[in-house]
Structures are given as C-alpha cells and as structure tokens.
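# A closer look at the structure
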Amino acid sequence: MHSNFKIITISIVFFLIQSLSFSNDNFFNDALKFYENKKYDDARFLFERNIVFNPKDAISYLYLAKIYNHEDDKRKEENNLETALLIEPDNEEALLMMMKISVEKSNYDKVKNLSETFSKVCKKLCEENKNIKESLKNIDPKNES
C-alpha cells in the first residue's frame, strides 16, 4: 500500500510539473497574441506572469519594454531593456532600442558602446545601426565613427 502511494504521488507531481510547463508556454504565446492585437494591458499582465515562471526569459522583458514604449513610459522601458540585455547581451532588437533611448538622452558614449556591441551581433537590423551612427555625426562632431 505504501508503494502505491509513492507511485501515485510521483505521478501527480509529474503531471503538475508538465501542466505548469505547458501553461508557461501559454502565458508567452497568449501575451504575444494580445501584443499583436494591441491589447497592451492584457499582454503586459501575461508577460509579467511568464517572467514569474521564467525569470530569465529575455524576450518577455523585451516585449514589456515595447509595451512601455507604446505607453511612453521611458523609465520602465529602459529598465526592461537593461534586464533583457543582462540576460541576453547580444539581443540586437534590445540593443537597438537602448541605443535610441541613449540618443534621446544625448548619452553619446553609451550609444557608441552599444553600437560597437550591436555591430558584432547584428543579423537583421544592421542598417539601423548605420542610420544611428550617421545621425550622431550630425549631432556630435566628436563621434565621427
């Protein structure tokens, strides 16, 4: 009887772990659907919930930053981008968004450093980096890179 109880308990625990894993994927996928449909409050709630279960999910932090960008909350946008970049330093979209924030803040040294990192990792958004570098030449003559 004791052996059967162990087997049932192990089965229940295994089922719960699988259920949590499945629901975690659903949080992100559902959040993404809400984001794509511009339902930012619902998306934010589910991305945050996904982070509770997957605290190292850089993409959820990136999407939170995008939501805060739409809501014009620069502080929260920047905080989420910094977290995304701590987890995934070569995330080109997060790097690009952070460079744009740094340009707005006139933090040209930070833009230059981010740009150097971006140049090493860019795959899809390389042209954007060139545009930012070009705009820096027009703004700050010392940044002729």
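Notes on the structure in this doc start here. None of the values given here were measured: they were computed from a predicted structure. (Residues numbered from 1 in each chain as written. Predicted model: local features only at pLDDT ≥ 70, side-chain atom pairs only at ≥ 80, totals over all residues. Heavy atoms only, no water.)

How two aromatic rings sit relative to each other is set out by the distance from centre to centre and by the angle between their planes. For the coordinates displayed, the defined rule picks out six aromatic pairs. Seen in terms of ring centroids, Phe28 and Tyr63 are 6.4 Å apart; in terms of plane orientation they differ by 75 degrees. Their pairing is edge-to-face. Here Phe28 is found in helix α1 (residues 2-36), whereas its partner Tyr63 is found in helix α3 (residues 58-70), with 35 residues between them in sequence. Pair check on accessibility: Phe28 and Tyr63 agree, each one buried. Site record: aromatic cluster; members linked through ring pairs are Phe28, Tyr35, Tyr40, Phe47 and Tyr63. (Phe/Tyr/Trp six-rings, centres within 6.5 Å; stacked < 30°, edge-to-face > 60°. Helix = DSSP H or I, 4+ residues; strand = E, 2+ residues; numbered from the N terminus. Buried < 20%, exposed > 50% of the residue type's maximum accessible area, 1.4 Å probe, protein only.)

Right, let's get into the environment of Asn113. With respect to the helices, strands and loops of the structure, Asn113 is situated in helix α6 (residues 108-121). What makes Asn113 partly exposed here is its relative accessible area of 49%. Along the chain, Asn113 and Met99 lie 14 residues apart, while their C-alpha atoms are 9.1 Å from each other.

This part takes up the packing of helix α4 (residues 74-87) against helix α5 (residues 92-104). Two quantities define a packed helix pair, namely the angle between the helix axes and the distance between the axes. Their axes nearest at 10 Å, the elements α4 and α5 cross at an angle of 140 degrees. Relative to α5, the element α4 lies oblique. In the packing of α4 onto α5, the handedness of the crossing is left-handed. Only Ala94, Leu95, Met97, Met98, Ile101 and Glu104 of α5 make contact with α4, whose side of the interface consists of Lys74, Glu77, Glu78, Leu81, Glu82, Ala84 and Leu85. Among the residues forming the contact of α4 with α5, the class breakdown is eight nonpolar, no polar and five charged. (Axes fitted to C-alpha atoms, helices over the stretch in contact; angles between N-to-C directions. Parallel < 35°, antiparallel > 145°, perpendicular 65-115°, else oblique. Left-handed = near helix turned anticlockwise from the far one by under 90°. Contact = heavy atoms within 4.5 Å. Nonpolar A, V, L, I, M, F, W, Y, C, P; charged D, E, K, R; others polar.)

Here we take up the side chain of Ser115. Tracing the chain through its elements places Ser115 in helix α6. The exposure class of Ser115 is buried, given its relative accessible area of 4%. Ignoring any residue separated from it by four or fewer positions in sequence, one finds Ser115 in contact with Met99, Asn129 and Lys133.

Let's shift gears to the environment of Tyr63. Looking at Tyr63, the relative accessible area reads 16%, which means it is buried. Spatially, the C-alpha atom of Tyr63 lies 9.9 Å from that of Tyr40, the residues being 23 residues apart in sequence. For Tyr63, the contacting residues outside a window of four places in its chain are Leu32, Tyr35 and Phe47.

What follows is about the nonpolar core. Counting residues in each nonpolar core, the largest one holds 34 residues, and the members touching the most others are Tyr35, Phe47 and Leu81. Of all the secondary structure elements, the ones that give two or more residues to this core are α1, α2 (40-53), α3, α4, α5 and α6. Examining the composition of this core, we find that eight residues originate from one element, α3, more than from any other. Contact partners of Tyr35, with chain neighbours within four places excluded, come to Tyr40, Ala43, Phe47, Tyr63, Lys66, Ile67 and His70. (Core = buried A, V, L, I, M, F, W, Y, C linked by side-chain atoms within 4.5 Å.)

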